[in-house]
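# Observations on the three-dimensional arrangement
Okay, here's what each chain looks like letter by letter:
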Amino acid sequence: MLDDADRRLLRHLQADPAQSMTQLAQAVGVPLATCYKRLDRLQAQGVLRGQHVAIDWAALGYAVEVSLRITLDKTDPRAFDAFLAAAREVPEVTEIQTFLGRVDVRLAVIARSMSHYQRIYRERILGLPHIADIEALMHVATIKNQQTVPL
């Protein structure tokens, strides 16, 4: 599916996604038009899904990060869909992941302070439908946050 030029393109794009298209084409060793065509093809194939901005929530005053591992009451066949729809509406939920296993869902929640987190937890999280169990993990430090893959 990918040839050497595609892999070089993706490696350079991962290393510096803000570089200009001209810089990217030069780094990969292909003409600018070829670089555009390859990126368009990789996007059409679903390899590239878009560009994202990484926000430092702490710089915006969100000092508390909590990971909530949630087990749902699965006696209702609509439990997953109802829970996910309601969780999407909580503004402080920055990420939702689903799993197979003992834990069904993980929510990443940000708050400005512990008292702010307690309000979010009591007023918004506990009101989400079909929760059977919640385990909260307080974020202490990020040791590795690598968004790149070896190509």
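Calculation criteria
- Residues numbered from 1 in each chain as written.
- Predicted model: local features only at pLDDT ≥ 70, side-chain atom pairs only at ≥ 80, totals over all residues.
- Heavy atoms only, no water.
- Salt bridge = Lys/Arg side-chain N within 4 Å of Asp/Glu carboxyl O.
- Helix = DSSP H or I, 4+ residues; strand = E, 2+ residues; numbered from the N terminus.
- Buried < 20%, exposed > 50% of the residue type's maximum accessible area, 1.4 Å probe, protein only.
- Core = buried A, V, L, I, M, F, W, Y, C linked by side-chain atoms within 4.5 Å.
- Contact = heavy atoms within 4.5 Å.
- Pairing = 2+ DSSP bridges.
- Axes fitted to C-alpha atoms, helices over the stretch in contact; angles between N-to-C directions.
- Patch = residues over 30% accessible without salt bridge, like charges linked within 9 Å, V, L, I, M, F, W, Y side chains within 5 Å.
- Areas by Shrake-Rupley, 256 points an atom, 1.4 Å probe, with all protein chains shown as cover.
- Parallel < 35°, antiparallel > 145°, perpendicular 65-115°, else oblique.
- Nonpolar A, V, L, I, M, F, W, Y, C, P; charged D, E, K, R; others polar.

## Description of the pattern of salt bridges
Counted according to the given criterion, the structure contains nine salt bridges. When the shortest N-O distance is used, the salt bridge between Glu135 and Arg69 registers 2.7 Å. Here Glu135, found in strand E4 (residues 131-138), pairs with Arg69, found in strand E1 (residues 64-72); they are 66 residues apart in sequence, far enough to count as distant. Using a relative accessible area of 29% as the deciding quantity, one classes Glu135 as partly exposed. Of the residues examined, Arg69 reaches a relative accessible area of 29% and is grouped as partly exposed.

## A closer look at the nonpolar core
If you look at the biggest cluster of nonpolar residues, it comprises 19 residues, and the most contacted ones within it are Leu68, Ile70, Phe83, Leu107, Val109 and Ile125. Within the residue set of this core, elements represented by two or more residues are E1, helix H4 (79-88), strand E3 (105-111) and helix H5 (114-125). The element contributing the most residues to this core is E1, with five residues. Discounting chain neighbours no more than four positions away, the residues touching Leu107 are Val66, Ser67, Leu68, Ile70, Phe83, Ala87, Val93, Glu95, Ile96, Ile125 and Leu128. In this structure, Leu13, Leu24, Val28 and Leu48 belong to the second largest nonpolar core, which totals eleven residues.

## What about the side chain of Glu92?
Tracing the backbone through its elements, the reader meets Glu92 in the loop between H4 and strand E2 (93-98). Since its relative accessible area comes to 11%, Glu92 is described here as buried. In contact with Glu92, not counting residues within four places along its chain, are Ala108, Val109, Ile110, His116, Ile120 and Arg124.

## Side note on the environment of Gln118
With respect to the secondary-structure elements, Gln118 resides in helix H5. Gln118 sits in the partly exposed class, given a relative accessible area of 39%. Between the alpha carbons of Gln118 and Arg49 there is a distance of 35 Å; along the sequence they are 69 residues apart.

## Observations regarding the sheet that holds E3
Reading across from one edge, E2-E3-E1-E4 is the order of the four strands in this open sheet, with antiparallel pairing throughout. For this open sheet the edge positions go to E2 and E4, each flanked by a neighbour on one side alone. Put simply, the sheet's adjacent strands are angled 20° from each other on average, direction ignored. Of the strand pairs in this sheet, E1 and E3 are connected by seven bridges, and their pairing is antiparallel.

## A short note on a nonpolar patch on the surface
On the surface, Val53, Ile55 and Leu60 cluster together into a nonpolar patch covering about 310 Å² of accessible area. Secondary-structure assignment places Val53 in the loop between helix H3 (32-44) and E1.

## Side note on the packing of helix H2 (residues 21-28) against H3
The geometry of H2 relative to H3 is characterised by a closest axis approach of 9 Å and an angle of 95° between their N-to-C directions. Between H2 and H3, the angle is such that the two are roughly perpendicular. In contact with Met21, Thr22, Leu24 and Ala25 of H2, H3 contributes Leu32, Cys35, Tyr36 and Leu39. Residues that form the contact of H2 with H3 fall into these classes: seven nonpolar, one polar and no charged.

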